[in-house]
Amino acid sequence: MVEEQLFIAALQNKETQNRAFQQLVSQYKERLYWHIRRIVLNHDDADDVLQNTFVKIYRNIHNFKGESALFSWMYRIATNESLTFLKQKAKMANITDEELQNSLVQNLQADSYFEGEEIQLKLQQAIAKLPEKQRLVFNMKYFEELKYEEMSQILDTSVGALKSSYHHAVKKLEDYLTED
Amino acid sequence: MKKDFSHSKKDGFQLPDNYFEKFEENLMHTITQIKQPAELPKSSGFKVPDAYFEDVEISILAKIETENKAKFFTFQRIKKFAYSAAAIAVTALIGVWVFNSRTITSNQTLTATELETIIEEGYLPVNSYDVGEVFSDEISDISITSNMVSDEDIIDYLSIYDITQDEN
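Because the structure is predicted, anything quoted here is derived from the model rather than measured.

A. Local environment of the interface of chain B and chain A. With 28 residues of chain B at the interface, the matching set in chain A holds 42 residues. The largest share of the area that chain B buries against chain A comes from F46(B), K47(B) and F53(B), three residues that together contribute 22% of it. One can count two salt bridges joining chain B with chain A. Ionic pairing is found between E57(B) and K29(A), a salt bridge with its closest N-O pair at 2.7 Å. Taken together, chain B and chain A are joined by nine residue pairs in polar contact (both at pLDDT 80 or more).

B. A look at the nonpolar core. Within the largest apolar cluster, 72 residues are counted, with the highest numbers of intra-cluster contacts made by F21(A), L24(A), L32(A), F54(A), I57(A), L70(A) and F138(A). Structurally, this core is a two-domain feature, drawing no fewer than three residues from each of domain 1 (1–115) and domain 2 (117–180) of chain A. Ignoring anything within four residues of it in the chain, the contact list for F54(A) reads F21(A), L24(A), V25(A), Y28(A), K29(A), L32(A), I60(B) and I64(B).

C. Seen up close, a negative patch on the surface. All names here are of chain B. There is a patch of like negative charges on the surface, built from D151, E152, D153 and D156. By the element assignment, D156 lies in helix α6 (residues 151–160). Classification of D156 by relative accessible area gives partly exposed; the value is 45%.

D. Looking closely at a nonpolar patch on the surface. Residues and elements named next belong to chain B. Taken together, L15, Y19, F20 and F23 make up a surface patch of nonpolar side chains, about 400 Å² in accessible area. Along the chain, the position of Y19 falls in helix α1 (residues 19–35). Residue class for Y19 comes out partly exposed when judged on its relative accessible area of 31%.

E. View of the packing of aromatic side chains. Going through the model one piece at a time under the given rule, you end up with 13 aromatic pairs over all chains. Note on F138(A) and Y166(A): the rings are 6.0 Å apart at their centroids and 15 degrees apart in plane angle, and the pair reads as stacked. Placement of F138(A) in helix α7 (residues 132–143) and of Y166(A) in helix α9 (residues 159–178) is noted, with a sequence separation of 28 residues between them. Taken together through their ring pairs, the aromatic side chains of Y33(A), W34(A), Y52(B) and F53(B) make up a single cluster. The side chain of K141(A) reaches across the aromatic face of Y148(A), ending 4.4 Å from its centre.

F. Quick look at the packing of α7(A) against helix α8 (residues 148–155) of chain A. Residue and element names in this part refer to chain A. Across the interface, α7 lies against α8 with an axial gap of 11 Å and an inter-helix angle of 140 degrees. On the basis of their axis angle, the class for α7 and α8 is oblique. As α7 packs across α8, the resulting crossing turns out to be right-handed. Seen from α7, the contacting residues are K133, L136, V137, M140 and K141; seen from α8, they are Y148, M151, I154 and L155.

G. Here's a closer look at α7(A). Residue and element names in this part refer to chain A. Relative to the 16 Å expected for 12 residues at 1.5 Å per residue, α7 spans 16 Å between its end C-alpha atoms, a close match to the ideal helical length. Of all 12 residues in α7, nine are buried, a share of seventy percent or more. E145 lies just past α7 and shows a positive phi near 55 degrees.

Analysis parameters
- Residues numbered from 1 in each chain as written.
- Chains lettered and ligands numbered in written order.
- Predicted model: local features only at pLDDT ≥ 70, side-chain atom pairs only at ≥ 80, totals over all residues.
- Heavy atoms only, no water.
- Contact = heavy atoms within 4.5 Å.
- Buried area = accessible area lost by both parts, 1.4 Å probe.
- Salt bridge = Lys/Arg side-chain N within 4 Å of Asp/Glu carboxyl O.
- Polar contact = N/O pair within 3.5 Å; in protein donor to acceptor, adjacent residues only side chain to side chain.
- Core = buried A, V, L, I, M, F, W, Y, C linked by side-chain atoms within 4.5 Å.
- Buried < 20%, exposed > 50% of the residue type's maximum accessible area, 1.4 Å probe, protein only.
- Domains from an automatic or database assignment.
- Patch = residues over 30% accessible without salt bridge, like charges linked within 9 Å, V, L, I, M, F, W, Y side chains within 5 Å.
- Areas by Shrake-Rupley, 256 points an atom, 1.4 Å probe, with all protein chains shown as cover.
- Lys, Arg positive; Asp, Glu negative; His and termini not counted.
- Charge placed at Lys NZ, Arg CZ, Asp CG, Glu CD.
- Helix = DSSP H or I, 4+ residues; strand = E, 2+ residues; numbered from the N terminus.
- Phe/Tyr/Trp six-rings, centres within 6.5 Å; stacked < 30°, edge-to-face > 60°.
- Lys NZ or Arg CZ within 6 Å of the ring centre and 35° of its normal.
- Axes fitted to C-alpha atoms, helices over the stretch in contact; angles between N-to-C directions.
- Parallel < 35°, antiparallel > 145°, perpendicular 65-115°, else oblique.
- Left-handed = near helix turned anticlockwise from the far one by under 90°.
- Expected span 1.5 Å × (residues − 1).

Now the structure itself:
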């Protein structure tokens, strides 16, 4: 905790900011990338959103008051950036959020950066059918293995509600994958 | 005294064989099921281009550097603009202050030249009627001054400049 406070102080100090930020990027780029990638699905989009996320973190680090863990704060920015990106994409294509999700999953079949087998593709199709909150919760719990307490800080939702969302999501996914 | 939690045969409830021995095993299996649902694959199937994470770090830091430079230039521009704006503001303030301090001393202490300067500088929108009202005494003095010109001088002036020519 003290270590994190010192690191935040270094990020907020003009003299040490650049070096500390470099360390921050190095430490969190992969985790944030995979979090974003599971939301936007496409690599190029994930790359754009990841870069924008770090730029936003850099611009706003002075406003970070330490009310939550630095990691939760960055995840929250990454989540918001990803969801905003998807909404803009749907708006530009003049389609609904659900239609966009279906289109993104369909594109995975031809995506050179998706090497999943049929079961993985089917899982993505099933995840795309979940409501937004359940989709986020499932990805964060199942793939990223975050604790409910961490997810609670990131998504500003109670642990109970998150557990409920996760179990609903798992049930729906299992039903979808076994319905054939 | 230690309480005996063992099953009382009086209530008639029965348990499957070895229920408590297997309970922990069953519980762990349920927890694992929740953590890793049986029908769901653990891998998502996504991958990234080779050396992506090295490259993206360079891109992010370059973006930040560009942003810092842009911010510096914008700051310089704003600073330049701010200096000009401040200079204009100070000049205007001094003007207003000078004007106000003069008006406070009342019209009687203002000389005609001072007022003329103020009007010429555009600090006071007045017309000739306003001036006549304020400087009625001075205007009567002017008529006295004109009486100091002798009749001979007037005749000389009229003989040189034939005013009737302008009418033709």
